[in-house]
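Each chain, written out:
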Amino acid sequence: MTVRNAVESDYPAIARIQYRCPEAAQWPAGDYSNFRVLVAVANGTLFGFCAWRQSMDDEAELLNLGVDPDHRKRGVASALLTALEAAAKGTIYLEVAETNAPAITAYHKMGWESIGVRRGYYSNGTVAAVVMRHTSRGT
Ligand SMILES: CC(C)(COP(=O)(O)OP(=O)(O)OC[C@H]1O[C@@H](n2cnc3c(N)ncnc32)[C@H](O)[C@@H]1OP(=O)(O)O)[C@@H](O)C(=O)NCCC(=O)NCCS
């Protein structure tokens, strides 16, 4: 499996995976062109994606992440997060629903720490977001 930057022809496959990941933010496919996107690919098939932005010189945000349900628990998200950590400069932040235990576990395993809670962030104010951050070893 390799992780590379997405190109426009990846968008339909990203949209298909996103659709199969109700926990991920559901963006119109065109929105991906506004951000940096990494994709995990094996044998020509896209297994997962993450969208992010470098919001300041020393601060980045992970905006969306999804792995094809048929290819989970095989290290796809870990590979995407490792590539994100290499590509982003400074501290990376994200928000994740407090109900999304698989994602929170994956982030913790990859060295992210929980730094706060935003009450009523998702689902019409009924679900809180956990704010997490990853600080690279070099900063
Ligand atoms: C969360 C998600 C991205 C994980 O992707 P993945 O490729 O299966 O993750 P990995 O295989 O790299 O797993 C890394 C670690 O995460 C944890 N993890 C992954 N899936 C898990 C699950 N279902 N339950 C508990 N822990 C889980 C484990 O600690 C795992 O390490 P291990 O396999 O050594 O035990 C995937 O489940 C997904 O796409 N979910 C829907 C979309 C989503 O929630 N996006 C995040 C929005 S903020």
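Everything numeric here is computed off the predicted structure, so don't read it as measured data.

Observations concerning the packing of aromatic side chains
Moving on, step 1. Tallied over the entire structure, the rule returns five aromatic pairs.
Moving on, step 2. With a centroid separation of 5.2 Å and 40° between ring planes, the pair formed by Trp-27 and Phe-35 is classed as tilted.
Moving on, step 3. Each member of the aromatic cluster is reached from another via a ring pair, and the members are Trp-27, Tyr-32, Phe-35 and Phe-49.

Observations regarding helix α3 (residues 101-109)
Moving on, step 1. Of the positions making up α3, those classed as buried are Ala-103, Ile-104 and Tyr-107. All buried residues of α3 lie within an arc of 100° about the axis, which places them on one face of the element. For α3, exposure combined with an orientation more than 90 degrees from the buried face picks out Pro-102, Thr-105 and Lys-109.
Moving on, step 2. The elements touched by buried residues of α3 are β4 (59-67), α2 (76-87), β5 (91-97) and β7 (127-135).
Moving on, step 3. Positioned one or two residues after α3, Gly-111 has a phi angle of 95°, which is positive.

Description of the side chain of Thr-91
Moving on, step 1. Take Thr-91: it is sitting in strand β5.
Moving on, step 2. Among the residues examined, Thr-91 registers a relative accessible area of 17% and is labelled buried.

Side note on the environment of Thr-135
Moving on, step 1. Position of Thr-135 among the secondary structure elements: in strand β7.
Moving on, step 2. Sequence spacing of Thr-135 and Thr-91 is 44 residues, and the spatial spacing of their C-alpha atoms is 4.6 Å.

Details of the sheet that holds β7
Moving on, step 1. Strand order in the open sheet made by the seven strands is β1-β2-β3-β4-β5-β7-β6, with mixed pairing throughout. Whereas interior strands pair on both sides, the edge strands pair on one side only; in this sheet they are β1 (2-5) and β6 (113-122). Adjacent strand axes in the sheet meet at a mean angle of 25° when their direction is disregarded.
Moving on, step 2. Sheet strands touched by α2: β1, β2 (36-42), β3 (45-56), β4, β5 and β7. Its angle to β3, the strand with the most contacts, is close to 30°.
Moving on, step 3. Lying over the sheet, α3 contacts β4, β5, β6 and β7, oriented at roughly 160° with respect to β5.

A few points about the site of the ligand
Moving on, step 1. Taken together, 21 residues form the shell around the ligand, and within it Lys-73, Gly-75, Ser-78, Asn-100 and Lys-109 come nearest.
Moving on, step 2. Between the ligand and the protein, one listed contact pairs an oxygen atom with a backbone N or O atom of Lys-73 at 2.7 Å.
Moving on, step 3. Taking 920 Å² as the accessible area of the ligand by itself, protein coverage stands at 78%.
Moving on, step 4. Where the shell around the ligand is concerned, the elements lending two or more residues are β4, α2, β5 and α3.
Moving on, step 5. With six residues, α3 is the single largest residue contributor to the shell around the ligand.
Moving on, step 6. Class assignment for the residues of the shell around the ligand results in ten nonpolar, five polar and six charged.

A look at the nonpolar core
Moving on, step 1. Core analysis: the largest hydrophobic core is formed by 26 residues, its most contacted members being Leu-62, Leu-84, Val-96, Tyr-107 and Trp-112.
Moving on, step 2. Put simply, the parts of the chain that give this core at least two residues each are β2, β3, β4, α2, β5, α3 and β7.
Moving on, step 3. A per-element tally of this core places α2 first, with five residues.
Moving on, step 4. By size, the runner-up hydrophobic cluster in this structure holds 14 residues, among which are Tyr-11, Ala-13, Ile-14 and Cys-21.

Calculation criteria
Residues numbered from 1 in each chain as written. Predicted model: local features only at pLDDT ≥ 70, side-chain atom pairs only at ≥ 80, totals over all residues. Heavy atoms only, no water. Phe/Tyr/Trp six-rings, centres within 6.5 Å; stacked < 30°, edge-to-face > 60°. Buried < 20%, exposed > 50% of the residue type's maximum accessible area, 1.4 Å probe, protein only. Helix = DSSP H or I, 4+ residues; strand = E, 2+ residues; numbered from the N terminus. Arc of directions from axis to C-beta. Contact = heavy atoms within 4.5 Å. Pairing = 2+ DSSP bridges. Axes fitted to C-alpha atoms, helices over the stretch in contact; angles between N-to-C directions. Near = heavy atom within 4 Å. Polar contact = N/O pair within 3.5 Å; in protein donor to acceptor, adjacent residues only side chain to side chain. Areas by Shrake-Rupley, 256 points an atom, 1.4 Å probe, with all protein chains shown as cover. Nonpolar A, V, L, I, M, F, W, Y, C, P; charged D, E, K, R; others polar. Core = buried A, V, L, I, M, F, W, Y, C linked by side-chain atoms within 4.5 Å.

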